[in-house]
Amino acid sequence: MTLAESTAADTLRVHGEQARRLAALRAAMAEHGLAAYLVPRADEHQNEYVAPSEERLRWVSGFTGSAGLAAVGATRAAIFVDGRYVLQVRQQSDAACWEHRHVSDTPFVDWAKSRLAAGDRVGFDPKLHTSGEITRYRTALAGSGIEVVPLAENLVDRCWTDRPAPPLGRVSLHPVAFAGETSESKRRRIAAVLQSGASTRS
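As the structure is a prediction and not an experimental result, all values here were calculated from the model. (Residues numbered from 1 in each chain as written. Predicted model: local features only at pLDDT ≥ 70, side-chain atom pairs only at ≥ 80, totals over all residues. Heavy atoms only, no water.)

Novice: Help me out: how do you make sense of the nonpolar core in this one?
Specialist: General note: in soluble globular proteins, nonpolar side chains tend to be found buried as a group. Within the largest apolar cluster, 26 residues are counted, with the highest numbers of intra-cluster contacts made by L25, Y37, V39, W98 and L155. Sort the elements by how many residues they give to this core and helix α1 (residues 3-31) lands first, with 4 residues. Within the second largest apolar cluster, 19 residues are counted, among which are V109, L116, V122 and I134. (Core = buried A, V, L, I, M, F, W, Y, C linked by side-chain atoms within 4.5 Å. Buried < 20%, exposed > 50% of the residue type's maximum accessible area, 1.4 Å probe, protein only. Helix = DSSP H or I, 4+ residues; strand = E, 2+ residues; numbered from the N terminus.)

Pasting the structure below:
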C-alpha cells in the first residue's frame, strides 16, 4: 500500500468512526427527548487546555482545536469554530457528518432557529457551560419556542466507552507571591458578596 493509499484508508476509518459516535450520541439523545445536544470544547473549569478525559468535542467530531462548539441534532450536526480553525475543522471533521460553521457568521442560535422547531429541546451539561452562555442561548431562542435544558448526565461520557481516566496528579498550593492574595482573603470577599446579595433580596 502506498503512503497516499494508507492516508486515504486512515481518513475513511476516522470518518466512519465519527458517524458511529454520532449514532450512539443520537440514541442517548432520543432517550431524553432531545432534538439537539451541545458539546463544547471545555472542562468544568473553563480551561483552554483540557485533559484527555475532557476532550469530548474531539471524541465526537475529530476536531482538535482549542475552541469550538458542536450542536448535534437528530439528523444533522454542526460544529462552530472561529477564524483560526476554519481550515482545520474541514480536514478533521467529516463533511458527510458535520456542517462547518464560523461562530460569528452563523452562530449556534441561528443554526438552531433554522434547523429546530418550536417545542424542541436542546440538552447541555451545566458543568461545561457558563451561566452567561446559557442565558444568551435561552434569550435568543425564547421567541422560537426552543427550550435549552440541563441534563444530570453528560451524554458524551455515557457513549465514550474507552474514555481516559481523569488526571490524578498531586495538588499543590499556588504561592501567594504569584496569586497576589491568600485563599482565606478571597473566601472572605466572596462571602461578603454573597451576604450583600442576600440582604438586597430580603
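Novice: For this particular structure, what's the right way to read the environment of A118?
Specialist: Structurally, the position occupied by A118 is in the loop between α4 (108-115) and β5 (121-124). Given the relative accessible area of 63%, A118 is considered exposed. Considered as a pair, A118 and G143 are 25 residues apart in the sequence and their alpha carbons are 8.9 Å apart.

Novice: Would you take a moment to explain the packing of aromatic side chains for this structure?
Specialist: Remark: the centre distance and the inter-plane angle together describe each pair of aromatic rings, the angle taken between the planes. Scanning all chains against the criterion turns up 5 aromatic pairs. With centroids separated by 6.4 Å and ring planes inclined at 85°, the aromatic side chains of F80 and W111 adopt a geometry described as edge-to-face. Of this pair, F80 sits in strand β3 (residues 77-81) while W111 sits in helix α4, placing them 31 residues apart in sequence. Among the residues examined, F80 registers a relative accessible area of 1% and is labelled buried. What makes W111 buried here is its relative accessible area of 2%. Among the aromatic side chains, those forming a connected cluster through ring pairs are F80, F108, W111 and Y137. (Phe/Tyr/Trp six-rings, centres within 6.5 Å; stacked < 30°, edge-to-face > 60°.)

Novice: Which parts of the structure should I look at to understand helix α5 (residues 131-141)?
Specialist: Because an α-helix completes one turn every 3.6 residues, residues spaced three or four positions apart along the sequence face the same direction. Within the sequence span of α5, burial applies to E133, I134, Y137 and L141. The buried residues of α5 occupy an angular sector of 95° when the element is viewed end-on, so they sit on one face. For α5, the exposed residues lying more than 90 degrees away from the buried face are S131, R136 and T139. In this fold, the buried residues of α5 make contact with β1 (36-40), β2 (69-73), α4, β5 and β6 (147-150). (Arc of directions from axis to C-beta. Contact = heavy atoms within 4.5 Å.)

Novice: I tried to follow the side chain of N154 on my own but got confused; where do I start?
Specialist: Within the secondary structure layout, N154 lies in the loop between β6 and α6 (155-159). Separated by 2.9 Å, the side chains of N154 and D125 make a polar contact. Setting aside its immediate chain neighbours within four residues, N154 contacts Y37, R56, D125 and L128. (Polar contact = N/O pair within 3.5 Å; in protein donor to acceptor, adjacent residues only side chain to side chain.)

Novice: Help me understand α4 in this model?
Specialist: Among all positions in α4, only F108, V109, W111 and A112 are buried. Across the axial projection of α4, the buried residues extend over an arc of 160°, all falling on one side.

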